[in-house]
Amino acid sequence: MPAAGRGERLGLGPAKALRPLGGVPMLVLAVRALAEARGVDVVVVAAPPDDRAEVQALLSAYDIGTEVVIVSGGATRQESVRRALAALPPEVEIVLVHDAARPLAPSELADAVVQAVRDGYDAVVPALPVADTIKRVDEAGRVLETLPREQLRAVQTPQGFRRQLLADAHAAAPPADPTLTDDAGLVERIGVAVHVVPGHPEGLKVTRPIDVVFAEALLARRWARHAP
Ligand code: CTP
Ligand code: MG
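Note that the coordinates shown come from a computational prediction; the quantities given were computed from them, not determined experimentally.

**Student:** What should I look at first to understand the pattern of salt bridges in this one?
**Tutor:** Close approach of charged atoms allows side chains of opposite charge to pair. Enumeration according to the criterion identifies 11 salt bridges in this entry. A salt bridge links Arg6 to Asp51, with the nearest nitrogen and oxygen atoms 4.0 Å apart. Of this pair, Arg6 sits in the segment before β1 (20–21) while Asp51 is found in the loop between β3 (42–47) and α2 (52–61), placing the two residues 45 residues apart along the sequence. When its relative accessible area of 14% is taken as the criterion, Asp51 is described as buried.

The structure is reproduced here in structure tokens:
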């Protein structure tokens, strides 16, 4: 779980993963949901290097119930994932990479991705159709192209991989290519097919302040349903 980002688009404040949603740190929500997935035996968190102790204390306090390993994240998401991969126990064969910034992704989504890998797909991403029309534009704001929407998907995490494939893809990747914004992208680069499964509307990434409003509304609805 890459969780080492600052959250610059969210504005000033603590590292994004430590910011609360409905009073609970995003990282805790994200780790808890992932740990609840049937196929998940261990969660490796790439924490903000300066906040490692706080992350450790938080995850102990919330009593996750699944083995959690904490490593220091890197300067880029890719580097954070690479460091987390290096800390995986040797017996692990299937890996999910899941953003701490998607704390509401349900554990069923993780299970569906793991199942697709077990069914024989070496790289699996959850994705949703896009609602907006997407255009390519140049720096001057001139439209270059309107992309056919039926073919477009907004890709989420958790993304699932055969462990060796993901390790190979990371080993082959250039150190910091800003166009490589997900792990499946690294796999595509080395010519391996990536399979798409249905994403989940609650798998949204908390990126901008308005996403916090939406995520907290979703959480309030969820908690109201589960109230005694
Ligand atoms: N991430 C990471 N290490 C980094 C940068 C990002 O582990 N050096 C993680 C984030 O913590 C997040 C995920 O990658 O869980 C997706 O990144 P993003 O949503 O871009 O988060 P931030 O990089 O924190 O946000 P921003 O780009 O607005 O600063
Ligand atoms: Mg970022």
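**Student:** What should I look at first to understand the site of ligand 1 in this one?
**Tutor:** Around ligand 1, a shell composed of 18 residues is seen, among which Pro2, Glu8, Arg9, Ser80 and Lys205 lie nearest. Between an oxygen atom of ligand 1 and a main-chain N or O atom of Gly7, the distance comes to 2.9 Å. A distance of 2.7 Å separates an oxygen atom of ligand 1 from a polar backbone atom of Glu8. Coverage of ligand 1 by the protein chains reaches 87% of its 560 Å² of free accessible surface. When its residues are assigned to classes, the shell around ligand 1 shows six nonpolar, five polar and seven charged.

**Student:** How should I be thinking about the nonpolar core in this particular structure?
**Tutor:** Taken as a class, soluble globular proteins show a tendency for nonpolar side chains to be buried jointly. With 41 residues, the main nonpolar core has Leu21, Leu27, Val31, Val45, Val55 and Leu59 as its most contacted residues. Broken down by secondary-structure element, the contributors of at least two residues to this core are α1 (26–36), β3, α2, α4 (107–118) and α7 (209–225). Top contributing element to this core by residue count: α1, with eight residues. Apart from the residues lying within four places of it in its own chain, the contact partners of Leu27 are Met1, Ala3, Ala17, Val45, Val55, Leu59 and Ala100.

**Student:** Help me understand unusual backbone geometry in this model?
**Tutor:** Only a minority of non-glycine residues have a phi that is not negative, and only a minority of peptide bonds are not trans. With an omega of 5 degrees, the peptide bond between Thr157 and Pro158 qualifies as cis. The residue Pro158 is located in the loop between β9 (153–155) and β10 (159–162) in this model. Phi angles above zero are rare outside glycine, and Asp63 is one such case at about 50 degrees. Summarising the element assignment, Asp63 is placed in the loop between α2 and β4 (67–72).

**Student:** For this particular structure, what's the right way to read the environment of Gly160?
**Tutor:** As for its placement among the helices and strands, Gly160 is situated in strand β10. Residues Gly160 and His98 lie 62 residues apart in sequence; the distance between their C-alpha atoms is 8.8 Å. Aside from chain neighbours lying at most four places away, what touches Gly160 is Val95, Leu96, Val113, Val117, Asp122, Ala123 and Val124.

**Student:** For this particular structure, what's the right way to read the environment of Leu29?
**Tutor:** Following the sequence through the fold, Leu29 ends up in helix α1. Every residue in contact with Leu29, bar those within four places of it in the chain, is listed here: Leu21, Val24, Pro103, Leu219 and Trp223.

**Student:** What is the right way to look at the side chain of Asp183 in this model?
**Tutor:** Structurally, the position occupied by Asp183 is in helix α6 (residues 183–189). Overall, the relative accessible area of 1% leaves Asp183 in the buried class. A distance of 2.8 Å separates polar atoms of two side chains, one belonging to Asp183 and the other to His170. Other than its neighbours up to four places away in sequence, Asp183 contacts Arg77, Val81, Val97, Gln159, Phe161, Leu166 and His170.

Rules used throughout
Residues numbered from 1 in each chain as written. Chains lettered and ligands numbered in written order. Predicted model: local features only at pLDDT ≥ 70, side-chain atom pairs only at ≥ 80, totals over all residues. Heavy atoms only, no water. Salt bridge = Lys/Arg side-chain N within 4 Å of Asp/Glu carboxyl O. Helix = DSSP H or I, 4+ residues; strand = E, 2+ residues; numbered from the N terminus. Buried < 20%, exposed > 50% of the residue type's maximum accessible area, 1.4 Å probe, protein only. Near = heavy atom within 4 Å. Polar contact = N/O pair within 3.5 Å; in protein donor to acceptor, adjacent residues only side chain to side chain. Areas by Shrake-Rupley, 256 points an atom, 1.4 Å probe, with all protein chains shown as cover. Nonpolar A, V, L, I, M, F, W, Y, C, P; charged D, E, K, R; others polar. Core = buried A, V, L, I, M, F, W, Y, C linked by side-chain atoms within 4.5 Å. Contact = heavy atoms within 4.5 Å.

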